[in-house]
Amino acid sequence: MRKTIITLLCVAATVIAAAQIQDPVKWKYRTVVVNDSVAELQFEATLDAGWHLYSQHTDPAGPLPISFSFEPSASYKTIGSVSEPKPHEEFDDIFECTVRSFSGKTTFKQRIKRLSTSDFTVQGTLNYQLCNNGSCIAPEDHDFSFNVKGRENQPVGSDLSELDPTLTPTQPEEATDNAVVEAETAEPEPVADKPAKKNQNLLVIFLIALGGGILTMFTPCVFPMIPMTVNFFMHNSDDKRKNRRQAWFFGLSIVFIFAVLGAVLALIFGPEALYFIGTHWLPNLIFFVIFFVFALSFFGLFEIKMPEKWVNASDEQADKGGLLAPFFIALTTVLVSFSCTGPILGAALVGLTTSSTDRWVSLITMLGFGIGFAAPFTLLAMFPQALKNMKSGSWLNTVKVSFAFLELAFGLKFLQMADLYCNWGLLPRDIYLALWIVIFGMLGFYLLGKLRFKGDDEVKEISTLRLFIAIADLAFVVWMIPGLWGAPLKGLSGFLPPQSSQEFDIERIVSESTPAVSASTVQIGSLPADRKYADKMHMPLGFEAFFDLDEAKAYARQQGKPVFIDFTGKTCANCREMEHYVWTDPEVKRLLNEEFIMCSLFADENTIELPESEWVTDAKGHVLKTLGRKNLNYQKTAFNMNAQPYYVIVDADGKVLTAENYKYDRDISKFINYLNEGLSNYKKQ
C-alpha cells in the first residue's frame, strides 16, 4: 500500500511539473489529393483561448513569424509557398508596427507535385512564436510528417493545378498516421469586426488617394494645362451642351485610364506579393531609390517625362476629332503631366499598398487618384467662369519643391525598413530623426524664402497662408527634437525605427540619476567590458547584465551576490511590459542594481551562432547551434518552463533561492517581495 501511495504521489508530481511546459497549440496534419499529380498538405493549428501565433508576413520589427521548412526529396516538389488565411491586423504600441496574427483555429496549406509512383513521406519542421496577454513562448523547431500516396503514371501535361491553384480536391481528405482526423473543415475562426474594418481601411485608402489626386492640380505640370484643356472643350463648337458632355467624357476617361492600371496591378500583386513588398528588404530598398530619384526631379535636377512617341501618338489621335477625341486628350494629359503626377502617384501607391494586405488596394488607390486628378478639369469645364481667378506663377514651383522635401522624408521610411530587415544598422532611431529634423527644417526655411531652387522667383514677401504652413512645419521640427534624446513621439511611432535602436536615451539618464539609487549601486560600465555578447545585446533602462550564465555565476561568486536570471526575448512584448512598468520602480531598480548580478538569457536570439564546443543536444536529439535555442533548452530542462518572461534567483552554484520562480505579473509589491525572498535566503546560507 505504501509503495502504491508513493508511486501515485510521484506520478502526480510529474504531472504537476510537466504542466509548467506550456503547449497552447495543437497541430493536425492532413493530406488532400487535388488531382492525379498534385496533393495539398494542410497544417491545422488549434490555439487555446487567448493565445496567438504570427503570420509568415508580419513586420520585421514585430514578433517572430511562423516558418515552414521542408526536407528535400526526389519524391515531390513544392508548388509555390505556404498559403495562409487572412490574419488579424493591429498596430502594436510595444513593437511600434502592425502585427499580423492568428487565433482560434487556422489552416496553412502547401501544394506539392508528386513525382514518385510509390507512397512517400513529407517531413520538415515548423518554427513559430506564441504569445498571450501574460507570456510569450520563444520559437523552436517542431517536426511534422505527412504520408502521401504516390502518383499514377500520367502525362506531365495533365497537371493543370500548377496553372490554376483554385482547383478543388478530386478526392476526400486522407489523414496521416500521426494526425487525428476531425469532421469539420479546417478554416480560421471568423472575426466579427473584420468585414467592417476591411471596408473602413479601403475607404480611408480611397480618400487618401483622392486627396493625392487633387493635390496634383497645384503642380507646374498640371495647373497650366487646366485652362488650355477646358478652353478646348468650351470653344470647340457653339453647342455648349455637347462641349460639357465631351468634358464629362474626358474626365471619365482619365478615371478609366487610372482604374485599368490599378486593376492590372491588383491582378499582378496578390496578397502574397503585397506581403513581400511590405516586408522584404529588396522592394523597400527599391522604393527608397524611387522616392530619392523623384525628389531630385522635383528639386529641379532633371525632369522625368514619358517617351515623346507616346505623347505624339496620343495627340495625333486627339486631333482627328470624333467621340474618341476626349479619350485621347485625356490620355495625352496623363502622359504629359507624368513628370509631376508620377512622384505623387508613386508615393501614394507604394505607401498605401504596403500598409494593407487587401488584393484590391492598388485598384482603390488608382481609382481614387484618378477621380481626384480628373475632378478639377471636369468641374472647371462646367463652371468656366472660375478660370478667370486662376493665375499661374512661381507658387507652382514652390508646391513642387515642397513635395520634393516630403518625398525625401518619406523615402527614408523604406530605407529604414530594409535596414531593419537586414540588421545593417544604417538608420537607428536618432539618426533617422536627425535627418527628418534637417529635412523639415529646410522645408520651413524654404517656405519663409530663405532658400531658393531652380524656377523660384525672389521672395520679397510671403502670404499669410504660406506663413502659417511654415509655422506648422517648424513647430513639427521643434516637437521632434526631444526624440533625439529618447522621447517616445507616439504620433510618429508608425514611421520611426524601434526605440531600442536609440543610441542615447533620456530614460537611461533619468534611471541612472534617480535619488533612490545610492552611491554603492552598480553603475553602468562596472561589469567587465569583455563579457560575452555585450556588443550585440543590450539591457533596457540603464541596467547592466551578463548574457552568459557561467560568466554571471563566476562574477556573482566574486562579488558575493545572488544571480537574477531573466529569461526574455527580443520579440517578447510581455517582457518589455515588465521592464517598462515594473523594473522602472525605484525600489525594484535599487534591488536589481545593488543586490543582484543580472543575467539576461534571450530565448529567441537565433542570429548568434555558437562555436561547436558550445553546441548542445536536446531531448529529441536536435543539435542546438544558436544562443537562443541553447537558452530556451536550458530553461526547459532546468526549470520545466518554456514561456517568457520568467525570472529565477540562484546562487553562484545554481541553487534556486525562492519557493517559486516569477512569471509575468505587473504587481510591483509582489515582485519586490520575490526579490527580497531570494536575497534573504541567500544571506541565510
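Cut-offs used in this document
- Residues numbered from 1 in each chain as written.
- Predicted model: local features only at pLDDT ≥ 70, side-chain atom pairs only at ≥ 80, totals over all residues.
- Heavy atoms only, no water.
- Helix = DSSP H or I, 4+ residues; strand = E, 2+ residues; numbered from the N terminus.
- Buried < 20%, exposed > 50% of the residue type's maximum accessible area, 1.4 Å probe, protein only.
- Pairing = 2+ DSSP bridges.
- Disulfide = S-S within 2.5 Å.
- pLDDT = per-residue confidence, 0-100.
- Contact = heavy atoms within 4.5 Å.

Looking at the element boundaries, glutamate 609 is found in the loop between strand E13 (597-602) and strand E14 (616-617). On the basis of relative accessibility, which here comes to 57%, the residue glutamate 609 falls in the exposed class. Counting along the chain gives 19 residues from glutamate 609 to glycine 628, while the straight-line C-alpha distance between them is 9.1 Å.

With that settled, the discussion passes to the pairing of strand E12 (residues 563-568). When you tally the buried positions in E12, you get six out of six residues, the bulk of the element. Along E12, one buried face is formed by Val563, Ile565 and Phe567 and the opposite face, lined by Phe564, Asp566 and Thr568, is buried too. Relative to strand E17 (residues 646-650), E12 runs antiparallel, the two sharing five bridges. Each bridged residue has a counterpart across the sheet, and for aspartate 566 the counterpart in E17 is tyrosine 647.

Below, the discussion takes up the state of the cysteines. A covalent bond bridging the sulfur atoms of two cysteines is what the word disulfide describes. All chains considered together, the criterion is met by two disulfides. Between cysteine 131 and cysteine 136 runs a disulfide, and the two sulfur atoms are separated by 2.1 Å. Looking along the S-S bond of the cysteine 131-cysteine 136 disulfide, the torsion reads about 110°, which is the right-handed sense. The disulfide that involves cysteine 572 links it to cysteine 575, with 2.3 Å between the sulfurs. Torsion about the S-S bond of the cysteine 572 and cysteine 575 cystine: about 80°, corresponding to right-handed handedness. You can call cysteine 575 buried: its relative accessible area is 1%.

A word on the confidence of the model for the protein. For the protein, per-residue confidence averages 76 on the pLDDT scale, and residues scoring 70 or more make up 69% of the total. In this model residues 1-19 is a low-confidence stretch, pLDDT under 50, and it forms two contacts with partners more than four residues away in sequence or in other chains. The low-confidence segment residues 155-200, where pLDDT is below 50, has 73 contacts with residues more than four positions distant or belonging to other chains.

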